Each structure stands twice: as C-alpha cells, then as structure tokens.
Amino acid sequence: METVLKRELGYSSVKATGHSGGGCISQGQSYDTDRGRVFVKVNSKAEAKRMFEGEMASLTAIMKTDTVKVPKPIKVLDAPGGGSMLVMEHLDMRYLSSHAAKLGSQLADLHLENKKLGEGLLKEAGTVGKGPALEKGLQPIGSGMGWAVSTCCNYLLCPILSPGQVNDWQKDWVTFYASQRIQPQMDMVEKRSGDREALELWSALQLKIPDLFRDLEIVPSLLHGDLWGGNVAEDSSGPIIFDPASFYGHSEYELAIAGMFGGFSSSFYSAYHSKIPKAPGFDKRLQLYQLFHYLNHWNHFGSGYRGSSLNIMRNLSK
C-alpha cells in the first residue's frame, strides 16, 4: 500500500498509523505522509471503483458548497491485489455531541444552497450559464432531480451487487422517487421473495403518492443521501459528515433515515427547521421516505424489516 501511495500521489514518505476502521462494505487505514495524514478506504471487489467514484463526487460537491465539513477527497486508485481504494483527508473525528445544533443549521444551509445559487443566477442580468453556480460547479436551480454518477446507500445499492443507486435525471421529484428509489427496491423484493402482500400494497400506494405532494413546491437540494448517526461526527472545529451517497432531491428526504436509528438530538432538528420549516404534510412524507430505507434494510438484512415496510404502505395507502 505504501508503495502505491508514493507512486500514484507523489508522496516521499508513507507510514501506517494506528488509526483504522471499516464497516460491512469497506475497510480503512490512516497513513502519515510528508504532506499530512490521509485515510484510505479499500474494497477488494472489482466493481468498487464505481462506488468510490460516486463517493468522491459526493464529497467534492458538498465541499464546494462551503456549508458543512467533509473529509477532502484526494483520488480513487486501483488497490494492490485487486479492487479499488479512495484516498481522502484524515480527520480526527469523535461522536457528535456539542455541535449537534450547528450540524442542523449547516445541513439546512447545504439544502438551501442550490436555491440560493439559482436566485443569484436570476438576478444576473444578461448572463446565461455564468455566476456562482457555475463557479462552484454545482447544480443551478430547476435543473432536475438526480445525479451525474451512481452512488451507494447501503450494500445492496452499491455497484458491487447491482447497477448502483439509480440517479437518472428527472424533472419531477415524485416520478424520480417512485421510479428510482422505491420501485428498484420493490423489484428486489419481488425477485427475492415474491411477497404478494407487499406488491399489492405498493400498487395501492402508488396511486396515493401524488396527493402527498399537492401544492408543494420542491426545489432540488444537494443531499448527503445517507445521513444516519453513523455517518456524522465532530472535531474541535465543528460537525463533520462523511460516507455520502449524494444526489439532488427533496430536502425532507434527508431526515428520513436520520430519524430511524437515533443519533440526532432535538437541538439538531430545532436548528434545521428554524431555517427550513416543516411544510404541511411533512410527517406523512417522512414516512414515505423512510419506506425506502426500510425496504433497503429488508433487502439487505432480511425479513425483520418486512413488518415496518408493510405498515408504512398500509398507513399511507388508506
């Protein structure tokens, strides 16, 4: 590994540190170099390169907003012995506690950034395709829902086992969410178990979904995409988010998995909603967004999540 980092990134010295980590998908190790400490995520699967390219694109986009801190990505490389690795800045992270409210405020800023950039473009008389959005390399307002690359939200939606999280551009958020988030999960349910009740409930729910968005204007927001308690932290300077699966979508979607597994205090939500207040119908839409994650966990971890998935579909299809 040290040889690869020296050759590919031009470091003159590389030494492994005692900092390591990993999850069910990839393993990580920190290295001291002559240009600072870096963290390297490694996955031995041949398809891992696309996964890491999606993560690097996500980190880069969030970093360019200057709203919430992420590890600075450096490069995706071929790993020794096969697979790929993502080299990024090493950050000394600890459990999110004292900076929870700040994270809520900064996350709202991230979600509002695209709207802010779009409004700036509209004010620039006589200029088309120029301005802050172009300078930051971000998405101008009204350009749609989606993302330029595949991203990974949990193992099953990584390109390791499937074509990746479907991020094809759509002008309409309801169409995007139903066809490119829930439908692929239901396809996996059908393929793996053929669960008739789930399929019937989904058929009924599809007819009800447009009603949940009636009279709601949705401006595309840059999302982290997988913001649960295990993907947030802090250091002495403030909050940090990492392991993103970004795309442009409805800001409310971000809060779905955040509320499923804990890790976020009331101060986080208060700070967030002080900048982005809850719109009418918020609670029902939050259930709809949690459905994706429950289905994903059902497909990932097994039928223990079946009941939660079906209960949401029953409640929303009434």
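What you see is a predicted model, and the numbers here were worked out from it, not measured in a lab. Position numbers for residues count from 1 along each chain, tracking the sequence in the order it is written. A pLDDT threshold of at least 70 governs which residues receive local features in this predicted model, and a stricter bar of 80 or more applies before side-chain atom pairs are shown or counted, although totals over entire chains, interfaces and linings include all residues. The side-chain numbers reported here are obtained from all heavy atoms of the structure, hydrogens and water having been left aside.

K.L.:
Tell me about the pairing of strand β3 (residues 36-43), residues and numbers included.
P.N.:
Following DSSP output, two strands are said to pair if at least two bridges run between them. Only DSSP runs of H or I covering at least 4 residues are called helices, and only runs of E covering at least 2 are called strands; the numbering of each starts at the N terminus. Note: strand β2 (residues 27-33) against β3, seven bridges, orientation antiparallel. When the sheet's bridge partners are listed, Y31 is paired in β3 with V38. Between β2 and β3, which follow one another and run antiparallel, lie two residues. Pairing analysis gives six bridges linking β3 to strand β5 (residues 84-89), with the strands arranged antiparallel. When the sheet's bridge partners are listed, V42 is paired in β5 with M85.

K.L.:
Tell me what's going on with the side chain of S246, and back it up with residues and numbers.
P.N.:
Topologically, S246 is positioned in the loop between β8 (238-241) and β9 (247-249). One polar contact links the side chain of S246 to the main-chain carbonyl oxygen of L223, over a distance of 2.8 Å. The contact definition used throughout considers only heavy atoms, calling two residues in contact when any of these lie within 4.5 Å. Contact partners of S246, with chain neighbours within four places excluded, come to S58, I62, W147, T151, N167, L222, L223 and H224. Polar contact is defined as a pair of N or O atoms within 3.5 Å, subject to the rule that within protein one atom must be able to donate a hydrogen and the other to accept it, and that residues adjacent in sequence are counted only when both atoms are side-chain atoms.

K.L.:
Describe in detail the environment of A178, supporting the description with residues and values.
P.N.:
For A178, the position within the fold is in helix α5 (residues 173-192). In sequence terms A178 and P210 are 32 residues apart; their C-alpha atoms lie 10.0 Å from each other. Residues contacting A178, with those up to four places away along its chain left out, are Q183 and W202.

K.L.:
Please provide a residue-by-residue account of the pairing of strand β4 (residues 73-78), values included.
P.N.:
Where β4 and β5 come together, five bridges link them in antiparallel fashion. The partner of V76 across the bridge, within β5, is L86. The antiparallel hairpin formed by β4 and β5 contains five residues in its connecting segment, where G81 sits at a positive phi of about 85°.

K.L.:
Would you mind going over the nonpolar core in detail, with residue names and values included?
P.N.:
For this analysis, a nonpolar core means a set of buried residues of the types Ala, Val, Leu, Ile, Met, Phe, Trp, Tyr and Cys, connected via side-chain atoms within 4.5 Å. The buried label applies to any residue whose accessible area, calculated with a 1.4 Å probe on protein chains only, is under 20% of its type's maximum; exposed applies above 50%, and partly exposed to all values in between. W173 and F213 are the most contacted members of the largest nonpolar core, which has 63 residues in total. A total of nine residues in this core trace back to one element, the largest contributor, which is helix α9 (residues 282-301). The contact partners of W173, leaving out residues within four places of it in the chain, are M145, F213, I218, F247, G249, H250, Y253 and Y289.

K.L.:
Summarise α5; cite the residues concerned and give the values.
P.N.:
Residue count minus one, scaled by 1.5 Å, sets the expected span of a helix. Spanning 20 residues, α5 covers 28 Å between terminal C-alpha atoms, matching the ideal 28 Å at 1.5 Å per step. Think of it this way: the bend at a residue is just the angle between two axes, each fitted to seven residues, one set ending at that residue and the other starting at it. Taken as a whole, α5 carries its principal kink of about 40° at Q183; the proline P184 stands between one and four residues after it. Buried residues of α5: W173, V174, F176, Y177, A178, Q180, R181, I182, Q185, M186, M188 and V189, and no others. Buried residues in α5 make contact with α6 (196-208), β9 and α9. Where α5 begins, the side chain of D172 points an oxygen toward the backbone nitrogen of V174, at a separation of 3.4 Å. Positive backbone phi, at 60°, marks G194, one or two positions downstream of α5.

K.L.:
Just give me the short version of the environment of V68, but keep the residues and values in it.
P.N.:
Inspection of the secondary structure puts V68 in the loop between α2 (48-64) and β4. Judged by relative accessible area, V68 falls into the buried class, the value being 5%. When near neighbours in sequence (up to four residues on either side) are disregarded, V68 contacts I62, L103, Q106, L110 and I241.

K.L.:
Residue-level account of unusual backbone geometry, with values.
P.N.:
Despite not being glycine, D215 shows a phi value in the positive range, around 65°. Along the chain, the position of D215 falls in the loop between α6 and β6 (221-223). With relative accessibility at 81%, the residue D215 sits in the exposed group.

K.L.:
Give me the lowdown on the pattern of salt bridges, citing residues and values where you can.
P.N.:
Salt bridge, as used here: a side-chain nitrogen of Lys or Arg that lies within 4 Å of a carboxyl oxygen of Asp or Glu. Tallying each qualifying case throughout the model produces 12 salt bridges. Salt-bridge contacts for R285 lead to E252; the nearest nitrogen and oxygen are separated by 2.7 Å. Taken together, the residues R285 in helix α9 and E252 in the loop between β9 and α7 (254-258) connect sequence positions 33 residues apart. Exposure remark for R285: the relative accessible area of 1% places this residue in the buried category. A relative accessible area of 8% means that E252 is categorised as buried. Each of D195, E197, R306 and R314 takes part in one network of salt bridges that share partners.

K.L.:
Provide a residue-level description of the packing of α9 against helix α10 (residues 306-316), including the pertinent values.
P.N.:
Here the axes come from fitting lines to C-alpha atoms, over the contacting stretch only for helices, and the angles between their N-to-C directions go from 0 to 180 degrees. Between α9 and α10, whose axes approach to 8 Å, the crossing angle comes to 150°. Taken as axis vectors, α9 and α10 run roughly antiparallel relative to one another. As for how α9 packs across α10, the hand of that crossing is left-handed. Residues K284, Q287, L288, Q290, L291, Y294, L295 and W298 of α9 touch α10, and the partners they reach there are R306, S308, S309, L310, I312, M313, N315 and L316. For this classification, Asp, Glu, Lys and Arg are treated as charged, while Ala, Val, Leu, Ile, Met, Phe, Trp, Tyr, Cys and Pro are nonpolar and the rest, including Gly, are polar. Of the residues in the contact of α9 with α10, the class split is nine nonpolar, five polar and two charged. The cut-offs work like this: below 35 degrees is roughly parallel, past 145 is roughly antiparallel, 65 to 115 is roughly perpendicular, and the gaps in between are oblique. By convention the crossing between two helices is left-handed if the near helix lies anticlockwise of the far one by an angle smaller than a right angle, and right-handed if it lies clockwise.

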